[in-house]
Amino acid sequence: MDILWWQILLLTLYAGYQILDELQIYSSLSAPVFAGLFAGLVMGDLKAGLIIGGSMQLTVLGVGTFGGASKIDANSGTILATAFSVALGMNPEQAIAAIAVPVASLMIQLDILARFANTYFAHRIDKLVEDMNYKGIERNFLMGAIPWSFSRMIPVFLALAFGGGLVEKVVAVLNGDLKWLGDGLSVAGAVLPAVGFAILLRYLPVKKHFPYLILGFTLTALLGTVFTNMQVLGTGVAGVVKNFEGVFNSLPMLAIALVGFALAAISYKNGQMIPNSPAPKDVASNDSDEGEIEDDEI
């Protein structure tokens, strides 16, 4: 399957939009899971897009940009991995490790380049502020979005338009003489979400709220088992009973989210019922310090 021109156009335009959404609009359309959803819809394989996007979302859960730091561009990696996975019939887990993660890492350099290019418009705005040229300030502020968009659009377009042959050869080698390496990449792609969770837990106050961690793990294991058995039961019944049309969906994480929402609501309600009273100084300091990250740990 070839990547059609209109698919290249839509994915390129989305690549340029997603960084602006991440910097200014904040509609969550720049999340890797949405990038996988959009790329999957454009390429005609929603399942593969969600697998790749969801895995990349879990991988970067604990990754943030502090100050002017750059981070891996999981969105661009998701777009290219989904497009080539669907177009070349590549295993999604293999595409995550072989395409999504390397592309996301390489895009750090282009992110830095976009930041340098954007300083041109920042300096122009500084001069326009002194001249009280408000129209010019607005115009240059909007033009500052151009380097950001091009830093994503150009590499995504070039990769989709000219990189298919190279990726196809790599996939053929990974599924042929280097099948052991391809299988290893598939395993690595499946393990990457666990790395994201580990990074996230490293920066969360786990010591302070470890009962919630235990509760969440236990509920996930129990509900995952329940929903999985329900699917197995439904499949068995469908094989025996004629015209059986029941649908058994696996939604353990939805159940976990509802339980978490209920616990949060209970905690909030209890907090509203407690009268405001000044706490002892030594107790307040202990509560605020417990479970927090020290400066030398970052």
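Asks: If you had to explain the nonpolar core to someone new, which residues and values would you point to?
Replies: In terms of nonpolar packing, the biggest core is built from 32 residues, with I3, L11, L80 and L160 touching the most fellow members. Every element with two or more residues in this core is listed here: α1 (5-25), α2 (32-43), α3 (46-59), α4 (74-88), α5 (92-130) and α7 (145-162). Considering each element in turn, this core owes the most residues, eight residues, to α4. When sequence neighbours within four positions are dropped, the list of residues in contact with L80 reads I99, V103, V156, A159 and L160. Core analysis: the second largest hydrophobic core is formed by five residues, I19, L20, A114 and W148 among them.

Asks: Account for α2, with residues named and values stated.
Replies: Over its 12 residues, α2 extends 16 Å from the first C-alpha to the last, a length consistent with the 16 Å expected when each residue adds 1.5 Å. Here α2 has its buried residues at P32, A35, G36, A39, G40, V42 and M43. Within α2, the buried residues cover an arc of 160° as seen down the axis, which keeps them to one side. Directly beyond the C-terminal end of α2, a positive phi value near 90° is found at G44.

Asks: Before we move on, could you go through the packing of α5 against α7 and cite the residues and values that matter?
Replies: Axis separation between α5 and α7 bottoms out at 8 Å; the angle between their running directions is 150°. On the basis of the axis angle, α5 is roughly antiparallel to α7. As α5 runs across α7, the sense of the crossing is right-handed. Counted together, M107, L110, D111, A114, R115, A117, N118 and F121 of α5 and P147, W148, S151, R152 and P155 of α7 form the full contact between these two elements. Along the lines of polarity and charge, the residues of the contact of α5 with α7 split into eight nonpolar, two polar and three charged.

Asks: Hey, could you go over the side chain of S76 for me, with residue numbers and the actual values?
Replies: Tracing the sequence through the fold places S76 in helix α4. Leave out the neighbours within four places in its chain, and S76 touches Q18, V103, M107, R152 and V156.

Asks: I'd love a proper account of the confidence of the model for the protein chain, names of residues and values included.
Replies: Per-residue confidence for the protein chain gives a mean pLDDT of 78, with 78% of residues at or over 70. Mean pLDDT values for the elements of the protein chain range from 50 in helix α12 (residues 281-289) up to 94 in α2. A low-confidence stretch, residues 287-291 stays under pLDDT 50, and its non-local contacts, those more than four residues away or across chains, total six contacts.

Asks: Residues and numbers for a nonpolar patch on the surface, please.
Replies: A cluster of nonpolar side chains, L4, W5, W6, L9, L10 and L13, forms an exposed patch at the surface whose accessible area comes to about 620 Å². Along the chain, the position of W5 falls in helix α1. Judged by its relative accessible area of 66%, W5 falls in the exposed class.

Asks: Tell me about α5, and name the residues and values.
Replies: Taking 1.5 Å as the rise per residue, α5 with 39 residues should run 57 Å; its terminal C-alpha atoms sit 53 Å apart, in good agreement. The principal kink in α5, of about 30°, is found at A100, preceding the proline P102 by one to four residues.

Asks: How would you explain the environment of A255 if you had to name every residue and give the values?
Replies: Along the chain, the position of A255 falls in helix α11 (residues 252-273). Using a relative accessible area of 17% as the deciding quantity, one classes A255 as buried. C-alpha separation for the pair A255 and L223, spaced 32 residues apart in sequence, amounts to 7.5 Å. Beyond its immediate stretch of four places on either side in the chain, A255 contacts L223 and F227.

What counts as what
- Residues numbered from 1 in each chain as written.
- Predicted model: local features only at pLDDT ≥ 70, side-chain atom pairs only at ≥ 80, totals over all residues.
- Heavy atoms only, no water.
- Core = buried A, V, L, I, M, F, W, Y, C linked by side-chain atoms within 4.5 Å.
- Buried < 20%, exposed > 50% of the residue type's maximum accessible area, 1.4 Å probe, protein only.
- Helix = DSSP H or I, 4+ residues; strand = E, 2+ residues; numbered from the N terminus.
- Contact = heavy atoms within 4.5 Å.
- Expected span 1.5 Å × (residues − 1).
- Arc of directions from axis to C-beta.
- Axes fitted to C-alpha atoms, helices over the stretch in contact; angles between N-to-C directions.
- Parallel < 35°, antiparallel > 145°, perpendicular 65-115°, else oblique.
- Left-handed = near helix turned anticlockwise from the far one by under 90°.
- Nonpolar A, V, L, I, M, F, W, Y, C, P; charged D, E, K, R; others polar.
- pLDDT = per-residue confidence, 0-100.
- Patch = residues over 30% accessible without salt bridge, like charges linked within 9 Å, V, L, I, M, F, W, Y side chains within 5 Å.
- Areas by Shrake-Rupley, 256 points an atom, 1.4 Å probe, with all protein chains shown as cover.
- Salt bridge = Lys/Arg side-chain N within 4 Å of Asp/Glu carboxyl O.
- Bend = angle between axes of the 7 residues up to and from the residue.

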